[in-house]
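# Coordinate inspection notes
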Amino acid sequence: MKQLLVSGGRRLHGEVHIQGAKNSVLPILAATVLHDGISVLEGCPHLSDVETAVQILHELGAKTSWQGHTLTVDAAGLSRCAIPEALMRQMRSSVIFLGALLARFGEAELFCPGGCELGPRPIDLHLRALGELGTEISVEGGAIRARAKKLRGAELTLDIPSVGATENAILAATAAEGVTVIRNAAREPEIVDLQRFLRSLGVRIRGGGSSSVTIEGLAALHEGHHRVMPDRIVAATYLAAGAACGGEIRLVGAEEKRLLTVLAPLRAAGCGIECDKEGITLRREAPLLAVPPIRTAVYPGFPTDAQAVMMAALLKSRGTTVFVENIFENRYRHVDELTRMGADIRVEGRVAVVYGVEKLCGADLRCTDLRGGAALAVAALSAEGESALHEIHHIERGYEDLAGDLNALGAAVRRVI
Ligand code: UD1
């Protein structure tokens, strides 16, 4: 079985380039379905989730080709609007193909992506938004059948600013007659990136990144060209590794403006951080300090996807740090594994309290989910001795080459098969 073997206890020194963002490229790949022709995506990371999205595109009848990190999608020959259950189950964000297929064909057949390791993840908001645009939807035994004789622009207000529901509504609205306004839209940078890609296709959309997004439907589309934004969560992971281990690391491509709420606690913990147009440098010499409570929130708040890696960074800090997870119900599954290394963490409901310890010891560890797995890697880097991380397929959903990147930063990590 694949494993990551981490030899802990080294200070980090080095530089890496941050890969393209998983959460940006996945909805963009769904959006390539909108255009009856070519889309070119640069900076596309090689990830298992991206591979799943590519398989879905093939299933629908599209052609794709890779050249390095450039992925070209030709959706001219798209002939099917159904996605098999096996592919839907592999990745939750496959549900974004629903809005895209509705826009292209006026119908779609797929399956509920189901719950996942973070707790229940309903899609009620997605379905309601698509319904308000004129779609008839039936859900039976997990199968979703959606049909819209005519999509009609509408004013939608999301109950909560769901990233996925915002993306689905945007994609369907591109083929709606008239104007759609999505209020209480998610403001995540990945929505801005989707908007940039859609504009490159010719879609008339504005407001991405604010809580009100406007789409004028039925624009004539043409070939699209886009460079995927750098992955802010991968950047947060390596910043956490630098904070945990000490030393000096440089992350080329990391964007300060999209990481403000991650950089603030790192600074409070005693890290020196310098940001410029090309990237971010983190330096840590003095012992790490505990920080004021970290509460996850929708963007621009502290990202839930960075909660686990930040927790891993602070395990050996001086003092006590409180985490409050406000987005997902079950996002502390990494805690038991961290405890095996000697971490002192108490969880009650949405709150986790981290009491800093003197040292961590390498251990045999099981990745429980994508970001939880990355957190185990961060903790293992700052532990004494060797750790073996199992079930690393979780990590490979979102990190193109975690071992290679960490080694470029001066770590000793081996991926064994
Ligand atoms: C996206 C990200 C994920 C990130 C999350 C929150 C992708 C591929 N994934 O997931 O990495 O952790 O945003 O930043 O971009 N909800 C409902 N009903 C719905 C939809 C969502 O109740 O119909 C709830 C969810 O259960 C969750 C919250 O809303 O508690 C936020 O979910 P959402 O913003 O939709 O996250 P995703 O788009 O699934």
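Each value, and the rule that gives it
Residues numbered from 1 in each chain as written. Predicted model: local features only at pLDDT ≥ 70, side-chain atom pairs only at ≥ 80, totals over all residues. Heavy atoms only, no water. Helix = DSSP H or I, 4+ residues; strand = E, 2+ residues; numbered from the N terminus. Buried < 20%, exposed > 50% of the residue type's maximum accessible area, 1.4 Å probe, protein only. Contact = heavy atoms within 4.5 Å. Expected span 1.5 Å × (residues − 1). Core = buried A, V, L, I, M, F, W, Y, C linked by side-chain atoms within 4.5 Å. Pairing = 2+ DSSP bridges. Axes fitted to C-alpha atoms, helices over the stretch in contact; angles between N-to-C directions. Disulfide = S-S within 2.5 Å.

With that settled, consider the environment of H69. With respect to the helices and strands, the residue H69 is situated in the loop between β4 (63-67) and β5 (70-74). When its relative accessible area of 38% is taken as the criterion, H69 is described as partly exposed. Placed 38 residues apart in sequence, H69 and A31 show a C-alpha to C-alpha distance of 18 Å. Not counting residues up to four positions away in its chain, the partners in contact with H69 are L41, E42, G43, C44, P45, H46 and E400.

Attention shifts here to helix α2 (residues 48-60). Owing to its 3.6 residues per turn, the α-helix brings residues three or four apart onto one side. Between its first and last C-alpha atoms α2 spans 19 Å; for 13 residues at 1.5 Å apiece the expected length is 18 Å, and the two agree. D49, V50, T52, A53, V54, I56, L57 and L60 are the residues of α2 that are buried. Those residues of α2 hidden inside the fold are in contact with α1 (22-31), β4, β5, α3 (85-90) and α4 (97-105).

Attention now goes to the nonpolar core. Counting residues in each nonpolar core, the largest one holds 75 residues, and the members touching the most others are Y238, M311 and L389. With 11 residues, helix α8 (residues 232-245) is the single largest residue contributor to this core. Each residue touching Y238, except ones within four places of it in the same chain, is listed here: V16, I18, I249, L251, Y399, L402, D405, L406 and L409. M91, I123, A185 and L201 belong to the second-largest nonpolar core, a separate cluster that totals 71 residues.

This paragraph deals with the pairing of strand β7 (residues 136-140). Bridge count for β7 against strand β8 (residues 143-147) is 5 bridges, and the pairing is antiparallel. When the bridges of β8 are listed, I137 appears paired with A146. Adjacent in sequence and paired antiparallel, β7 and β8 are bridged by 2 residues, among which G141 carries a positive phi angle near 55°.

Below, the discussion takes up the sheet that holds strand β13 (residues 224-227). Across the sheet, which stays open at both edges, the 4 strands sit in the order β4-β5-β3-β13 with mixed pairing between neighbours. Each having just a single partner strand, β4 and β13 make up the two edges of the open sheet. Strand after strand, the sheet turns through a mean of 15° between neighbouring axes, direction not considered. Pairing geometry for strand β3 (residues 38-42) and β13, over 4 bridges, is parallel. Within the sheet, the bridge partner assigned to L41 lies in β13 and is H226. Running over the sheet, α2 touches β4 and β5 and is turned about 145° from β4. Packing against the sheet, helix α7 (residues 189-201) makes contact with β3 and β13, and its axis sits at approximately 150° to β13.

On to the state of the cysteines, then. A complete count under the given rule lists 0 disulfides for this structure. Of all cysteine sulfurs, the one in C112 lies closest to C81, which takes part in no disulfide; the gap is 17 Å. Judged by its relative accessible area of 16%, C81 is buried. Unpaired in this structure, C361 has its nearest cysteine sulfur neighbour in C245, at a distance of 15 Å.

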